[in-house]
Amino acid sequence: MAVGEPEIDDVSFLNVGGGGGGGRNYEQMGGPQMHSRQLICSQRKATCITLVIAAAIIAVAMISAFSRPSVIYKCGRDSLDNRSTSAAFQPIAESGQLFPWNSSRLPQAVKPNRYDVRLQIDLDSFFFNGSVSIQMQVIAPTDLIVLHSNNLTITKYYVKSHKSRSRIDIEEMHVYKPWQMVAFKLQKPLAVNEELDLTIEYEADLVSKLTGLYKSSYTAEDGEKRCYIMSGLFFLPLNSFNCIR
């Protein structure tokens, strides 16, 4: 290589006009050709460039995935705060009064241990009624029992001591539909480790949505349309992780 000529490393020049007698190579000209050429990188350099581009794409994807806003849940003894709920927010119950609980997460002052459920379904009118008795244990002193309820009309409710079977007076009941919650305010606080039974009677129409207890239908081989009841698929309440259903 002559002094002053550019150094060529892993690069080859190709004449646009092709090979044969019409093309002149580098040695014939005694220096760099002046015709149009394509610059071809070596396979090693092409592989390196491809890997760098792929790594950059993966890095951008990971940054986008992990930079999305996340919800942080804080667990507490008697409450679980979340989302946009703040101390200044006061939900209004169906009665027009303040709902006594200001978080879309349930309090943890009471813990359910057992459920006894009764259902009576009318397939002619697509209506049902029933009751649930929930055996609970008090974890922290409280005068409030909050649980989830969705599209149910509560017709009767009462609380009894599990041991003495004496009734515990309920001062008021409130329903807050946006959070699918019902709250029972007791006249006096419950003691820690006290066991009680909350009984609720309710009624509602069977719905066509795939939630809770719903109706569905099919066409039999004789062409007759027949209805049946489905249950147990989607009983989870709205945005709940801990719930008394």
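Refer to the structure above for everything that follows.
Here the structure is a predicted model, which is why all the values come from computation and not from measurement.

Draft legend 1. Quick peek at the nonpolar core. Core analysis: the largest hydrophobic core is formed by 23 residues, its most contacted members being I145, L147, V159, F184, L196, L198 and I200. Among the elements of the structure, β6 (127-138), β7 (142-148), β8 (153-161), β11 (181-190) and β12 (195-205) are those that each provide at least two residues to this core. Residues contacting I200, with those up to four places away along its chain left out, are G130, S131, V132, L147, I154, K156, Y157 and F184.

Draft legend 2. A look at the side chain of H148. Here H148 lies in strand β7. Since its relative accessible area comes to 5%, H148 is described here as buried. One polar contact links the side chain of H148 to the main-chain carbonyl oxygen of Q180, over a distance of 3.1 Å.

Draft legend 3. Looking closely at the pattern of salt bridges. Following the criterion strictly, the structure yields 3 salt bridges and no others. Across the salt bridge formed by D116 and R114, the nearest N and O atoms sit 3.3 Å from each other. Residue classification places R114 among the partly exposed positions, given a relative accessible area of 47%. Two residues, D143 and K185, come together in a salt bridge whose shortest N-O distance is 2.8 Å. Of the two residues, D143 sits in strand β7 while K185 sits in strand β11, which places them 42 residues apart along the sequence.

Draft legend 4. Quick look at the environment of V175. By secondary structure assignment, the location of V175 is in strand β10 (residues 170-176). Between the C-alpha atom of V175 and that of V146, which follows or precedes it by 29 residues, the distance is 9.7 Å. Those residues in contact with V175 that sit more than four places away from it in its chain are A93, E94, F99, M181 and V182.

Draft legend 5. Just the sheet that holds β10, in detail. The 3 strands are arranged β7-β11-β10 in an open sheet whose pairing can be described as antiparallel. Looking at the sheet topology across the chains shown, the edges are occupied by β7 and β10. Across the sheet, the mean angle separating the axes of adjacent strands is 20° when strand polarity is ignored. Here β10 pairs with β11 via 6 bridges, running antiparallel. Bridge pairing in β11 links I170 to L186.

Draft legend 6. Fine view of the side chain of S131. In this fold, S131 is placed in strand β6. Residues in contact with S131, not counting those within four places in the same chain, are D116, V117, R118, I200, E201 and Y202.

Draft legend 7. Structural context of the sheet that holds strand β9 (residues 167-168). Judged by pairing direction, the sheet is antiparallel, and its 5 strands sit side by side in the order β5-β6-β12-β8-β9 without closing on themselves. Where the open sheet ends on each side, the last strands, each with one partner, are β5 (110-122) and β9. Of the pairings in the sheet, the one linking β8 to β12 comprises 8 bridges and is antiparallel in character. Looking across to β12, one finds that K160 is bridged to D197.

Analysis parameters
- Residues numbered from 1 in each chain as written.
- Predicted model: local features only at pLDDT ≥ 70, side-chain atom pairs only at ≥ 80, totals over all residues.
- Heavy atoms only, no water.
- Core = buried A, V, L, I, M, F, W, Y, C linked by side-chain atoms within 4.5 Å.
- Buried < 20%, exposed > 50% of the residue type's maximum accessible area, 1.4 Å probe, protein only.
- Helix = DSSP H or I, 4+ residues; strand = E, 2+ residues; numbered from the N terminus.
- Contact = heavy atoms within 4.5 Å.
- Polar contact = N/O pair within 3.5 Å; in protein donor to acceptor, adjacent residues only side chain to side chain.
- Salt bridge = Lys/Arg side-chain N within 4 Å of Asp/Glu carboxyl O.
- Pairing = 2+ DSSP bridges.
- Axes fitted to C-alpha atoms, helices over the stretch in contact; angles between N-to-C directions.

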